Amino acid sequence: MSSSSLFGTYARSNLAFVKGEGSWLETSDGRRFLDFAAGIAVNSLGHCHPHLTSVLQEQAAKLWHVSNLYTVPGQELLAERLCEATFADRVFFANSGAEAMEACIKTARRYQYANGAPERYGVITFEGAFHGRTIATIAAGGQAKYLEGFGPKAAGFDQVPFGDLEAVKAAINDTTAAILIEPIQGEGGIRPVPHEFLRALRELCDANGLLLIYDEVQTGVGRTGKFFAHEWSGVAPDIMGIAKGIGGGFPMGACLATEEAAVGMVAGTHGTTFGGNMLAMAVGNAVLDIVLGDGFIDEVAHKGLLLKQKLASLIDGNPDVFDMVRGEGMMLGLKCKAPVGDIVVAGRNHGILTVPAGDNVMRLLPPLTATEEEIDMAVERLDAAAVSVKDAMLKGASA
Ligand SMILES: *Cc1c(COP(=O)(O)O)cnc(C)c1O
């Protein structure tokens, strides 16, 4: 039996960090790690960014929580800023990615209901998707490993193969409400959706009275070198879920929608105790102060390109370990030939943190504030890790 009192839901490393600054994490015994995992794309501005820290401390001394029975000025401001910078007209604040996606799904179903089609509740999703761990979002994600043992899969989710437009067309019927997609699959292995595919989905939605929902929980808030990843394609959704990066490490999520798509979400239809909490709103606004500041997102695109080029050289130097690099901005995946778990552990042993994903891909999700020097250092450490993995492979083969 494990000595921990926690649920055993994570196969945790015993690394325990006690301090963070920028792109760096430190253990209690003073070991320093370059954090290219960033809490899985959460610490968008690195650890303890001075602006976020001071705003959070200031708000903490003023007021923490009042309930959504009252007007929360920070919500009004953050919603206004998000709408100003995106396709959206309306925002609902939640506490996590899964909750944001639940709100997206509910908004789409209520839209159909409000337009006299309550039988339209089906959502078409894609193989390899990840939308969260609630009962509805595991059904949306459709992955057997997350559904197993949790009772009947929630009704109303039809999954089709990734990138298969004919399958999408065939799946649309009289009960379909919406199509839900990540512009770049994160947990599925940094799989970008071609722009023309998003365009085709938009056309299908418009032709069939369906809503297009994007899950930008991982791809959003500057991560890909645009404010939102779908901007690369120019194809706007009707509804979009965001979380991770918008909180910079403070738990929060949001559902963004057009006025029309949000038409069914009237008083009493949905709610949350903690969503839009004053501390979260203060931090969310502070994150936007930086991310929407002059040139910040362009700089992310530039550094992402630099990292991608360096990773291409890393692959050239280690063709037995790595296969290819894909992704956009500072959301990059290295498809591996050696088992990704081994490479992630070897990276850790060489002082760099990364995240494994599906399709044997190693995810690199550095803080958007990572410097070019830190990018150089990261690639050097990954190279050392790759060499150690190759050595172990050779030893294994000769043993
Ligand atoms: C992380 C993630 C979620 C779930 O977010 P939680 O905050 O863990 O509930 C949903 N969708 C995508 C694309 C994600 O990366």
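A few points on the structure. (Residues numbered from 1 in each chain as written. Predicted model: local features only at pLDDT ≥ 70, side-chain atom pairs only at ≥ 80, totals over all residues. Heavy atoms only, no water.)

Observations regarding the site of the ligand
Formally: Whether a residue is near a molecule or strand depends on its heavy atoms: it is near if one of them lies within 4 Å of it. Distance and chemistry together define a polar contact, namely a pair of N or O atoms within 3.5 Å, with one atom able to donate a hydrogen and the other to accept it when in protein, and with adjacent residues in sequence counting only for side-chain atoms on both sides. The accessible surface values rely on the Shrake-Rupley method and a 1.4 Å probe; as for residues, cover is taken only from the protein chains in view. Side-chain classes follow a simple rule in which Ala, Val, Leu, Ile, Met, Phe, Trp, Tyr, Cys and Pro form the nonpolar group, Asp, Glu, Lys and Arg form the charged group, and the remainder, Gly included, forms the polar group.
All residues in the neighbourhood of the ligand are listed as Ser-96, Gly-97, Ala-98, Phe-130, His-131, Gly-132, Glu-182, Asp-215, Val-217, Gln-218 and Lys-244. Gln-218 is positioned such that a nitrogen or oxygen atom in its side chain is 2.7 Å from an oxygen atom of the ligand. Coverage of the ligand by the protein amounts to 80% of the 380 Å² it exposes when considered alone. Looking at the shell around the ligand residue by residue, the class counts come to three nonpolar, five polar and three charged.

Focus on the side chain of Asp-238
So the rule is basically this: What counts as a helix is a DSSP run of H or I of at least four residues, what counts as a strand is a run of E of at least two, and both are numbered from the N terminus. The contact criterion used is simple: two residues touch if any of their non-hydrogen atoms lie within 4.5 Å.
Relative to the elements of secondary structure, Asp-238 occurs in the loop between strand 10 (211–215) and strand 11 (239–242). A polar atom in the side chain of Asp-238 sits 2.9 Å from the side chain of Arg-202. Contact partners of Asp-238, with chain neighbours within four places excluded, come to Phe-87, Arg-202, Leu-210, Leu-211, Leu-212, Leu-256, Ala-257, Thr-258 and Ala-261.

Brief notes about the nonpolar core
Selection rule: By nonpolar core is meant a set of buried Ala, Val, Leu, Ile, Met, Phe, Trp, Tyr and Cys residues that side-chain atoms within 4.5 Å join together. Classification of residues uses two cut-offs on accessible area relative to the type maximum, computed with a 1.4 Å probe and protein chains only: under 20% is buried, over 50% is exposed, and between them is partly exposed. What fixes the domain bounds is an automatic or database domain assignment.
The biggest cluster of nonpolar side chains holds 80 residues, and the ones touching the most others in it are Leu-311, Phe-322 and Met-362. When residues of this core are assigned to their parent elements, the largest contribution, eight residues, is made by helix 9 (residues 278–291). Here this core spans two domains, since at least three of its residues come from each of domain 1 (51–291) and domain 2 (296–368). Look past the residues within four positions of Phe-322 in its chain and what remains in contact with it is Leu-314, Ile-315, Leu-334, Lys-335, Cys-336, Lys-337, Ile-343, Met-362 and Ala-386. Counting residues in each nonpolar core, the second largest holds 23 residues, with Val-123, Ala-139, Ala-178 and Ala-243 among its members.

Some thoughts on the packing of helix 3 (residues 73–85) against helix 9
For any two helices packed against each other, the geometry is given by the interaxial angle and the distance between the axes. Under the convention used in this document: To obtain each axis, a line is fitted to C-alpha atoms, and for helices this fit is confined to the stretch in contact; angles are then taken between N-to-C directions over 0 to 180 degrees. Two helices cross in a left-handed way if the nearer one is turned anticlockwise from the farther one by less than a right angle. They cross in a right-handed way if the turn is clockwise.
Between helix 3 and helix 9, the shortest axis-to-axis distance is 9 Å and the interhelical angle comes to 35°. Crossing handedness for the pair helix 3 and helix 9: left-handed. Judged by residue contacts, Pro-73, Gly-74, Gln-75, Leu-77, Leu-78, Arg-81 and Leu-82 of helix 3 engage Met-278, Met-281, Gly-284, Asn-285, Leu-288 and Asp-289 from helix 9. Considered class by class, the residues forming the contact of helix 3 with helix 9 number seven nonpolar, four polar and two charged.

Focus: the pairing of strand 12 (residues 253–257)
The side chains of a regular strand alternate, first on one face of the sheet and then on the other. Put simply, the test is: Strand pairing is assigned whenever DSSP detects at least two bridges linking the two strands.
Of all five residues in strand 12, five are buried, a share of seventy percent or more. Across five bridges, the pairing between strand 4 (residues 90–94) and strand 12 is antiparallel. When the sheet's bridge partners are listed, Arg-90 is paired in strand 12 with Ala-257.

Details of the sheet that holds strand 14 (residues 331–336)
Backbone-to-backbone hydrogen bonds join strands into a sheet, with any given pair of strands oriented parallel or antiparallel. The strand order across the open sheet built from four strands is 13-14-17-16, with neighbouring strands paired in antiparallel fashion. Strand pairing shows two members of the sheet lacking a second neighbour, strand 13 (322–328) and strand 16 (355–357), which therefore form its edges. The sheet shows a mean angle of 30° between the axes of neighbouring strands, taken without regard to direction. In the sheet, strand 16 pairs with strand 17 (residues 361–364) via three bridges, with the strands oriented antiparallel. Paired with Ala-357 across the two strands is Val-361, which belongs to strand 17.

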